[in-house]
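An overview of the molecular structure
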Amino acid sequence: MASLSGAATTAASRLLPSATKARLSLSYSSPTLSPRSLSSSSLKCIRSPLLSHLFLRQSRSPVRATSDSFSTVASPKGYASAPDQLKSAREDIKELLKTTFCHPILVRLGWHDAGTYNKDIEEWPQRGGANGSLRFEVELKHAANAGLLNALKLIQPIKDKYSGVTYADLFQLASATAIEEAGGPKIPMKYGRVDVSGPDQCPEEGRLPDAGPPTPAAHLRDVFYRMGLNDKEIVALSGAHTLGRSRPERSGWGKPETKYTKDGPGAPGGQSWTAQWLKFDNSYFKDIKERRDEDLLVLPTDAALFEDPSFKVYAEKYAEDQDVFFKDYAEAHAKLSNLGAKFDPPECIPIDDGPAKGAPEKFVAAKYSSGK
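Residues numbered from 1 in each chain as written. Predicted model: local features only at pLDDT ≥ 70, side-chain atom pairs only at ≥ 80, totals over all residues. Heavy atoms only, no water.

1. Things to note about the overall build of the protein chain
Within the protein chain, the secondary structure is distributed over 14 helices and two strands. Looking at the protein chain as a whole, 59% of its 372 residues are labelled buried. Across the protein chain, contacts joining residues at least 24 apart in sequence account for 77% of those joining residues at least 6 apart. As presented, the protein chain carries roughly 14500 Å² of accessible surface, and 51% of it is formed by carbon and sulfur atoms. (Helix = DSSP H or I, 4+ residues; strand = E, 2+ residues; numbered from the N terminus. Buried < 20%, exposed > 50% of the residue type's maximum accessible area, 1.4 Å probe, protein only. Contact = heavy atoms within 4.5 Å. Areas by Shrake-Rupley, 256 points an atom, 1.4 Å probe, with all protein chains shown as cover.)

Shown next, in the form of structure tokens:
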């Protein structure tokens, strides 16, 4: 796994245009931002970008949002989302990623909207899942969603621009695009998810995983089995921790700063699972298995992947073969993104032309997220 020296990382960061640096420092810390215009309200954001517990519960106090939260503009009749607008929104998300390096928090946004699904509840939207409910205050205040207001603020201008795209679709589009743009596999996505209409349709708190439960493997199974996912999918999805970092002031986990997080895009600090924490690859599995670097984070739920006999089969395989990991991850991510969703039209909306392509070869931003 390639990594740059601290000096090289610092030098590389100087190559960023000054305007881009300003965006990196300001886009996550504006104290006034309204849901629609992003110009005025009492929304208060938590200072730091690239939060990356992804699917793990945060222990800090929840964020506060406005009572109205992020309202939805109706999409064209007959479709939950407009296909052409979905394609254009994806291009805008790519540009957002290039200037803010917000890949981890956008992945987490999509995961947390979908991850409330309960396969034992048939009715929509009571069953939870990918339905856009995360835009409402009552769900944003769940402890597991601390910091996700930052992600909503980042993509709200895209939602305002493309009113024919639902929040449910936009959250999943942003999550899949972030994986792909970070060098990960092409996710076989489909669209047309219907949004819930109000905060009374949000799921109750407590459906998302915790980072340090007494019995990590059993806890992961309790949560993911409730979603209808299996052991292979649990391990594959855990591999997304190759992106991002944990901040102790938010989650209670990780170091305040390491050699890998003292420089780079966004606010410095936190502890990452991998050296190149803005690059999607199989380093997460390699690093957990070897445990040779004290500056890399291993949570109890991470360690369980190599301690539980069933999980270990897949974790070992993914550490050895990135292609297998990419294949299984893409399938698991696509399945997760559809959980609980109600599609309109029922046959869904594809926005990719032709067969899925391989992972992108380039990912320039990764060089800003490693150092020694």
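2. Structural notes on helix α7 (residues 167-181)
The periodicity of an α-helix, 3.6 residues per turn, causes residues three or four places apart in sequence to face the same way. Helix length check: α7, at 15 residues, gives a terminal C-alpha distance of 20 Å against a target of 21 Å (1.5 Å per residue), a fit within 8%. For α7, the buried fraction is high: 15 of the 15 residues fall into the buried class. Positive backbone phi, approximately 100 degrees, marks Gly 183, located one or two places after α7. (Expected span 1.5 Å × (residues − 1).)

3. Regarding the pattern of salt bridges
Inspection of every chain in the model, using the stated rule, returns 19 salt bridges. Several salt bridges converge on common partners, so that one network encompasses Arg 90, Glu 180, Lys 186 and Asp 352. (Salt bridge = Lys/Arg side-chain N within 4 Å of Asp/Glu carboxyl O.)

4. Re helix α13 (residues 309-320)
Spanning 12 residues, α13 covers 17 Å between terminal C-alpha atoms, matching the ideal 16 Å at 1.5 Å per step. Taken residue by residue, α13 has Phe 311, Ala 315, Tyr 318 and Ala 319 as its buried positions. The buried residues of α13 occupy one face: seen down the axis, they fall within an arc of 100 degrees. Pointing more than 90 degrees away from the buried face of α13 are the exposed residues Pro 309, Val 313 and Glu 320. Looking at the buried residues of α13, the elements they touch are α8 (216-226), α9 (231-238), α11 (283-290), α12 (300-307) and α14 (322-338). Where α13 begins, the side chain of Asp 308 points an oxygen toward the backbone nitrogen of Ser 310, at a separation of 3.1 Å. (Arc of directions from axis to C-beta. Polar contact = N/O pair within 3.5 Å; in protein donor to acceptor, adjacent residues only side chain to side chain.)

5. Quick look at the nonpolar core
General note: in soluble globular proteins, nonpolar side chains tend to be found buried as a group. Of all hydrophobic cores here, the largest spans 77 residues; its most connected members are Leu 106, Phe 280, Phe 285, Leu 305 and Tyr 329. Ranked by residues supplied to this core, first place goes to α7 with eight residues. Sequence-distant contacts of Tyr 329, defined by excluding residues within four places in its chain, comprise Trp 111, Ile 179, Pro 185, Ile 187, Ala 236, Leu 237, Ala 240 and Phe 280. (Core = buried A, V, L, I, M, F, W, Y, C linked by side-chain atoms within 4.5 Å.)

6. Description of the confidence of the model for the protein chain
A residue-level look at the protein chain finds 74% of positions with pLDDT of 70 or above and a mean pLDDT of 80. For residues 57-68, every residue scores under 50 in pLDDT, and the model assigns this stretch 45 contacts once sequence neighbours within four places are set aside. Every residue in residues 72-76 scores below 50 in pLDDT, and together they form 16 contacts with partners more than four places removed in sequence or on other chains. (pLDDT = per-residue confidence, 0-100.)

7. Examining the packing of helix α3 (residues 83-100) against helix α6 (residues 148-161)
Direction vectors running N to C along α3 and α6 enclose 155 degrees, while the axes themselves pass 10 Å from each other. Here α3 is positioned roughly antiparallel relative to α6, judged by the angle of their axes. The element α3 and its partner α6 pack so that their crossing is right-handed. Packed against α3, whose contacting residues are Ala 89, Asp 92, Ile 93, Leu 96 and Thr 100, the element α6 presents Leu 154, Ile 155, Ile 158 and Lys 161 at the interface. Here the contact of α3 with α6 is built from residues that sort into six nonpolar, one polar and two charged. (Axes fitted to C-alpha atoms, helices over the stretch in contact; angles between N-to-C directions. Parallel < 35°, antiparallel > 145°, perpendicular 65-115°, else oblique. Left-handed = near helix turned anticlockwise from the far one by under 90°. Nonpolar A, V, L, I, M, F, W, Y, C, P; charged D, E, K, R; others polar.)

8. Structural notes on the side chain of Asn 131
By secondary structure assignment, the location of Asn 131 is in the loop between α4 (103-114) and α5 (137-140). Those residues in contact with Asn 131 that lie beyond four places of it in its chain are Asp 113, Trp 124, Pro 125, Ala 168, Val 194, Asp 195 and Val 196.

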